[in-house]
Amino acid sequence: MDAQSQWTGLDAGRLERITEHLERNYIGPQKIAGCQVAVARHGHIAYQRSFGSMDFERGKPMGDDTIFRIYSMTKPITSVALMTLYEQGYFQLNDPVSRYVPSWKNHRVWISGEGDGMVTEAPHRGATFRDVLSHMAGLTYGGGLPGVGIQHPIDKVYRGLKIRSADTTDTMTEFMDKLAQVPLRYHPGEAWQYSLATDVCGALVEIISGKPFAQYLQETIFDPLGMKDTAFQVAPDKVGRFAANYQRGPDKKLKLIDDPATSNFTREPAFKSGGGGLTGTISDYLRFCEMLRRGGELDGHRVIGPRTLEIMHMNHLPGGKDLTQVAFEGFSETANEGVGFGLGFASTMDQVRTGTLGAGDYYWGGAASTIFWVDPREDLSVVFMTQLMPSGTFNFRGQLKSIVYSSIID
């Protein structure tokens, strides 16, 4: 990719509004410690900049090779990995997950009550691969979302079984079998709820391929795309490039919540979370986005077929509805109005309802306020990295979209 923005059809002067906006509204008043932005169009970088600090406490400026916790931006990577197995004929989208995990035939659906008085019924059908790829399987996050906590009787069942607890040593199969014991929140395919479904997708990659999940990602996605810094663990020789993670306290000042020197991400996790376990750089994630923009291939390495990728970012919500019509309560990395959801990606269905430009784009974010989007119509990829928990504190995606799309001049 070339850095000359005149090849991109983007006005370089207007793109500088990104710099002005971030420095004036976020870096100057220290609402965030620092951030990075990369904008690419037609395969050329039009704008890439680092701002502020990666670590206030140590006085370290944001470096171009800073490593971030990408949290739920792991989900699109995991979803692509699972769909590479679809391309090899291992499953069809409407196949039940129980085809590979027999215990999932035992699922029940919550009706009312809690504990010993909980009332359940048999699901109308079993959860399918389409359901877990699109967060429509009836699973939840078990009260594990930022700022949400236990809100439903089912959450207590997740906690009681220690599903995805901080000290879990469950194998992928043990994780799946535990989930089979938890009542589903709703009948599969009939609603949408942000959930552990993409951790399920990661487990299915391991179960179906017969390879450790991390190894499959390395061989199928990271090595072909040259994503040299993306991993479930920040290696000892890279910890100096690892950003600190913050949240805003009641006084609106930044509070350190994860020191890079002592972070759990510096140790290999026993359970590799397909829903939120990866760390990586903005350059690595831009390469992933560029692969998506190019229909599944980058620099001669094909990861996935263009037709497969196309169906992944179509809207799979029942009846072509948007998330306002089918989503249950809870945290998410997207607003709901005018937004559809596919196999690992949200998508802009209606620019009027969302109030943002970019109809037909697809995207997702991470809990530390990282975001990306790919726009096939505009041949555009954008990645934003920072470390502020939880996401949704500021509408970085909407603000950046206003600036980026107003810079398109061809």
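Cut-off values and rules
The numbers attached to residues start from 1 for each chain and follow its sequence in the written order. In view of the model being predicted, local features appear only for residues whose pLDDT reaches at least 70, and side-chain atom pairs are presented and counted only at 80 or more, with totals across whole chains, interfaces and linings using the full set of residues. Computation of side-chain values covers all heavy atoms of the structure but excludes hydrogens and water. For helices the rule is a DSSP run of H or I covering at least 4 residues; for strands it is a run of E covering at least 2, with both sets numbered from the N terminus onward. Note that the radius of gyration is over C-alpha atoms, with the globule rule given as 2.2 Å times the number of residues to the power 0.38. Relative accessibility thresholds used throughout: buried, under 20% of the residue-type maximum; exposed, over 50%; partly exposed, between the two (1.4 Å probe, protein chains only). Contacts: residue pairs with any heavy atoms within 4.5 Å of one another. The charge count includes Lys and Arg as positive and Asp and Glu as negative, but it does not include His or the ends of the chains. The atom standing in for a charge is NZ when the residue is Lys, CZ when it is Arg, CG when it is Asp and CD when it is Glu. Each helix should span, by expectation, one fewer than its residue count multiplied by 1.5 Å. Think of a 1 Å grid over just the protein atoms. A cavity is a set of points where a 1.4 Å probe fits yet cannot get out, a pocket is an open set with protein on both sides within 12 Å along at least five of seven lines, and lining residues have an atom within 4 Å of a point. Grid points are joined across faces, edges and corners, and a volume is the space filled by probe spheres set on the points. When residue character is reported, Ala, Val, Leu, Ile, Met, Phe, Trp, Tyr, Cys and Pro are called nonpolar, Asp, Glu, Lys and Arg charged, and the others, Gly included, polar. Here the axes come from fitting lines to C-alpha atoms, over the contacting stretch only for helices, and the angles between their N-to-C directions go from 0 to 180 degrees. Left-handed describes a crossing whose near helix is turned anticlockwise from the far helix through less than a right angle; right-handed describes the clockwise counterpart. By definition in this entry, angles of less than 35 degrees are roughly parallel, angles greater than 145 are roughly antiparallel, angles of 65 to 115 are roughly perpendicular, and the rest are oblique. Centres within 6.5 Å make a pair out of two Phe, Tyr or Trp rings, where for Trp the six-membered ring is used; the pair is then stacked when the planes are under 30 degrees apart, edge-to-face when over 60, and tilted otherwise. The rule for a charge over a ring is simple: NZ of Lys or CZ of Arg within 6 Å of the ring centre, and within 35 degrees of the ring normal. Buried residues of nine kinds, namely Ala, Val, Leu, Ile, Met, Phe, Trp, Tyr and Cys, make up a nonpolar core once their side-chain atoms join them within 4.5 Å. For this quantity, the arc is that covered by the directions from the helix axis to the C-beta atoms. Strands pair, by our definition, only if DSSP identifies at least two bridges between them. Our working definition of a disulfide is a cysteine sulfur pair at a distance within 2.5 Å. Identification of polar contacts relies on pairs of N or O atoms within 3.5 Å, with a donor-acceptor requirement for protein atoms, meaning one able to donate a hydrogen and the other able to accept it, and with residues adjacent in sequence counted only if both atoms are side-chain atoms.

Enquirer: Help me get a handle on the overall build of the chain, residues and values and all.
Expert: The number of helices and strands found in the chain is 13 helices and 17 strands. In terms of C-alpha radius of gyration, the chain reaches 21 Å, essentially the compact-globule figure of 22 Å for 410 residues. Dimensions of the chain, computed from C-alpha atoms along their principal axes, come out at roughly 60 × 45 × 40 Å. Residue burial in the chain is summarised as follows: out of 410 residues, 58% are buried. In the chain, once contacts between residues fewer than 6 apart in sequence are set aside, the share between residues at least 24 apart is 69%. Here the chain contributes 41 positive and 46 negative side-chain charges, whose respective centroids are spaced 2 Å apart.

Enquirer: Just give me the short version of helix α9 (residues 282-293), but keep the residues and values in it.
Expert: Relative to the 16 Å expected for 12 residues at 1.5 Å per residue, α9 spans 16 Å between its end C-alpha atoms, a close match to the ideal helical length. Considered for burial, the residues of α9 that qualify are I282, D284, Y285, L286, F288, C289, E290, M291, L292 and R293.

Enquirer: Describe empty space enclosed by the protein, and please don't skip the residues or the numbers.
Expert: One pass over the full model with this rule turns up three cavities of 30 Å³ or more. Of the volumes computed, that of the second largest cavity is approximately 40 Å³. Around the second largest cavity, the lining residues are A33, G34, S53, M54, M62, A243, A244, Y246, T386 and Q387. The class makeup of the residues in the lining of the second largest cavity is six nonpolar, four polar and no charged.

Enquirer: So what's going on with the packing of helix α3 (residues 74-86) against helix α7 (residues 197-209)? Residues and values would help.
Expert: The geometry of α3 relative to α7 is characterised by a closest axis approach of 9 Å and an angle of 35° between their N-to-C directions. Judged by the sense of rotation from one axis to the other, the crossing of α3 with α7 is left-handed. Residues K75, T78, S79, A81, L82 and L85 of α3 touch α7, and the partners they reach there are T198, C201, G202, L204, V205, I208 and S209. Across the contact of α3 with α7, the residue classes tally to seven nonpolar, five polar and one charged.

Enquirer: Tell me about the packing of α3 against helix α8 (residues 213-225), and please be specific about residues and values.
Expert: Orientation of α3 relative to α8, taken along the N-to-C sense of each, is 85°, at an axis distance of 10 Å. Overall, the two elements α3 and α8 adopt an arrangement that is roughly perpendicular. Two secondary-structure elements touch here, α3 through I77, T78, V80, A81, T84 and L85 and α8 through F213, Y216, L217, T220, I221 and F222. Residue composition of the contact of α3 with α8, grouped by class: nine nonpolar, three polar and no charged.

Enquirer: An account of the packing of aromatic side chains is requested, with residue identities and associated values reported.
Expert: Evaluation of the coordinates by the stated rule reveals 22 aromatic pairs. Ring centres of F91 and F129 lie 4.0 Å apart, and the angle between their planes is 10°; on these two criteria the pair is classed as stacked. Taken together, the residues span a long stretch of sequence, with F91 in the loop between α3 and β5 (109-112) and F129 in helix α4 (residues 129-133) at a distance of 38 residues. Pair check on accessibility: F91 and F129 agree, each one buried. Consider the rings of F394 and F396, whose centres lie 5.8 Å apart with planes at 65°: the pair is edge-to-face. Three or more aromatic residues joined by ring pairs form one cluster here, namely Y141, W192, Y194, F341 and W364. One cation-aromatic arrangement involves R397 over Y363; the distance from NZ or CZ to the ring centre is 3.4 Å. Over the ring of W373 we find K401, and its NZ or CZ is 5.7 Å from the ring centre.

Enquirer: I'd like a description of the nonpolar core, backed by residues and values.
Expert: Counting residues in hydrophobic clusters, the biggest one holds 117 residues, and the most contacted among them are W104 and I221. Setting aside residues no more than four positions away along its own chain, I221 makes contact with I77, V80, A81, Y216, M227, F288 and V303. Core analysis: the second largest hydrophobic core is formed by eight residues, I67, F265, A368 and M389 among them.

Enquirer: Requested: an account of helix α2 (residues 17-27), with residues and values cited.
Expert: Here α2 has its buried residues at I18, T19, H21, L22, Y26 and I27. Burial along α2 is one-sided: seen end-on, the buried residues are contained in an arc of 165°.

Enquirer: I'd like a description of the sheet that holds strand β8 (residues 254-258), backed by residues and values.
Expert: Spatially, β8-β7-β17 is the arrangement adopted by the three strands of the open sheet, whose pairing is mixed. Strand pairing shows two members of the sheet lacking a second neighbour, β8 and β17 (388-389), which therefore form its edges. As judged from the four bridges shared by strand β7 (residues 245-248) and β8, these two strands associate in the antiparallel manner. Bridged to Q247 within β8 is K255.

Enquirer: Can you tell me about the state of the cysteines, naming the residues and giving the values?
Expert: Scanning all chains against the criterion turns up zero disulfides. Not engaged in a disulfide, the cysteine C35 finds its nearest cysteine sulfur in C289; these two sulfurs lie 16 Å apart. Look at C35 and you get buried, because its relative accessible area is 0%.

Enquirer: I'd like a rundown of the environment of Q399, residues and numbers included.
Expert: Turning to its location among the elements, Q399 is positioned in helix α13 (residues 396-405). Residues Q399 and V339, 60 residues apart in the sequence, show an inter-C-alpha distance of 17 Å. One polar contact links Q399 to H21, side chain to side chain, over a distance of 3.0 Å.

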